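Below are the chains, spelled out letter by letter.
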Amino acid sequence: MTLESELNDLGRVLLAEPAPDLVPEVAHRIALEPARRPGLLGRLDWRRPWVRTLSVVLALSAGSTGVLAGSASARERVADFLNIPGISITHAPAGAKPAPQPSGGAPFLGQPVSLAEAQAVAPFTIAQPTLPGFGAADGVYVLPARIGSVVSLTYAPRPGLPATPETGTGLLVSQFKDSIDAMLFKKIIYNTAAARPVQVNGHQGVWIEGPHELTMFSADGNSVGFPARSAANSLVWQSDGVILRIESALPFDQALAIAKSVR
Amino acid sequence: MTGQAPVASRTYGPDVGEEVLVADARTGQAAAYEELVRRHQGVAYRTAAMIVGATDAEDVAQEAFVKAYRALPRFRAEAPFRPWLLAIVGNEARNRQRSARRLGSAIDRLAALGPADLASDPADQVVSSDRRAALVAAIRTLPESDQLVICSRYLMELSEAETASALRCPVGTVKSRLSRALVRLRDAMEATTEEVSHDDAGK
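My aim in this report is to walk through the structure given alongside it, one point at a time. (Residues numbered from 1 in each chain as written. Chains lettered and ligands numbered in written order. Predicted model: local features only at pLDDT ≥ 70, side-chain atom pairs only at ≥ 80, totals over all residues. Heavy atoms only, no water.)

### Here we look at the side chain of B:E35
All names here are of chain B. Selection criterion: Secondary structure elements follow DSSP: runs of H or I of four or more residues count as helices, runs of E of two or more count as strands, with numbering from the N terminus. Polar contact criterion, stated in full: a pair of N or O atoms within 3.5 Å, where within protein one must be able to donate a hydrogen and the other to accept it, and residues adjacent in sequence count only if both atoms are side-chain atoms. What makes two residues a contact is simply this: any of their non-hydrogen atoms within 4.5 Å.
For E35, the position within the fold is in helix α2 (residues 30-52). At 2.8 Å, the side chain of E35 and the side chain of R38 are in polar contact. If we ignore the near neighbours within four places in the chain, the residues touching E35 are Y12, G13, P14 and L21.

Structural data, given as structure tokens:
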């Protein structure tokens, strides 16, 4: 008998016990995942970069599992958001609690750079709000190249543009080229927030009002290393292959006005 | 919860091909994914146990299956599912390992999965329980990285590609570690055999 077959024999002895049945719990958890639309997904070629782009995952938490399971209308509403390429929607487990806000104030947005430096590495033309009152951004950041160029612009608080406790700044504009490969942008909405589909200059978007949780994931579902953070009112939309996201304390109509002016 | 699915009532038994399961799971067929979980939960659980130990293995495997489901739209349909899944299991296990104290070595973590009655006889060939115990002891003398490839490749009978995925190392590394580990094991086992013969001779 060879050593290899003795090792095989040892494996069969040591591993004779059946593994625990994971199916019920996994089935329960994936039932809380986004509704996938076969028609849309079937048409998409997931090998194309724009399809594998940043995804925004909205997780809607209902009051209880029973409510969520029975709430077909809530699921259908969020399924509508799937019309945005690269954005997927999921439900958070009922009763889940938001992650504690990491200490240290401002979220990590990447390396502070000049706009020219950001433009040099960004594979798209950096868009900025052109609304009167919004001049040059007060801060420009680029996330590490490992996960692609995510450019963030910050605008300091001022009258009419209050600071948000989540970002410590008045307005945060983040943009990502859809060639950022297979990254996942996950938003978890607790009952402190609500989400609805909106239009921005004819492009489909999502408005999330109220504090919610923001995490980034890589292709295999692991965190890319930034802690989950609480986010303020956010408007996310896709325009010409770029995902744009603005975050502020402003109500919808003002946020939409800024979003419409971003170019 | 598969109410929106077009063929929600479809059942997926052991006769359904894996490509069909993957394709249907990608379109949200929960039942198709459940069959994938059913087929691969044993290897996922044991791979997790080998890395993090029995206590956390169930949690890690479960989390990996959920993450794999989320990542399924980005899975290349023509690729085999198991190495891809094991890569996610391995990642999840290593992430967990950083936050939890890992006990013992790979062989001990695997051995802890069940009441290891080394005298039982699962195969046609009979290997004595003493011989099995000696083999466990010999594996325990190997460096951790060698134990992981030996356990993956021979005890769990993963392919070289699956071993490489789970341990996140190149296939070439798996091969070289295996051949080195086998040489060491063979030496250790020969030494054991010689000791036993001497003991017998002395009786």
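### Some details on the pairing of strand β13 (residues 242-248) of chain A
Residues and elements named next belong to chain A. Selection rule: Only protein chains enter the accessibility calculation, which uses a 1.4 Å probe; a residue whose area is less than 20% of its type maximum is buried, one above 50% is exposed, and one in between is partly exposed. DSSP-based pairing: two strands are paired if at least 2 bridges between them are found.
In terms of burial, β13 is a largely internal element, seven of the seven residues being buried. Residue alternation in β13 divides its side chains into two sets, V242, L244, I246 and S248 and I243, R245 and E247, and both sets are buried. Of the strand pairs in this sheet, strand β12 (residues 233-239) and β13 are connected by seven bridges, and their pairing is antiparallel. Across the sheet, S234 pairs through a bridge with E247, a residue of β13. Where β12 hands over to β13, the hairpin turn is made up of two residues, of which D240 adopts a positive phi near 50°.

### Observations concerning the nonpolar core
This is how it is decided: Put simply, a nonpolar core is a bunch of buried Ala, Val, Leu, Ile, Met, Phe, Trp, Tyr and Cys residues held in one set by side-chain atoms that sit within 4.5 Å of each other. Domain segmentation is taken from an automatic or database assignment of domains.
In this structure, A:L7, B:Y33, B:M50, B:I150 and B:L155 are the most contacted members of the largest nonpolar core, which totals 74 residues. No other element matches α2(B), which puts 13 residues into this core. The residue makeup of this core includes at least three contributed by each of domain 1 (18-96) and domain 2 (113-201) of chain B. Once you skip the residues sitting within four places of it in the chain, B:L155 turns out to touch A:L7, A:L10, A:G11, A:L14, A:L15, B:I107, B:L110, B:I139 and B:I150. Ranked by size, the runner-up nonpolar core spans 30 residues in total, among them A:F124, A:V198, A:W237 and A:I246.

### Here's the deal with the pattern of salt bridges
All names here are of chain B. Definition in use: For this analysis, a salt bridge means a side-chain nitrogen from Lys or Arg found within 4 Å of a carboxyl oxygen belonging to Asp or Glu.
Counted under the stated rule, the structure contains 17 salt bridges over all chains. Between D146 and R180 there is a salt bridge, with the nearest N and O atoms lying 2.5 Å from each other. Placement of D146 in helix α7 (residues 144-155) and of R180 in helix α9 (residues 171-202) is noted, with a sequence separation of 34 residues between them. Overall, the relative accessible area of 0% leaves D146 in the buried class. The salt bridge partner of D146 is R184, with a shortest N-O separation of 3.1 Å. In this pair, D146 sits in helix α7 while R184 sits in helix α9, placing the two residues 38 residues apart along the sequence. Of the residues examined, R184 reaches a relative accessible area of 37% and is grouped as partly exposed. Each member of the salt-bridge network shares a partner with another, and the members are D59, K67, E92 and R96.

Any functional reading would require information that these geometric values do not contain.
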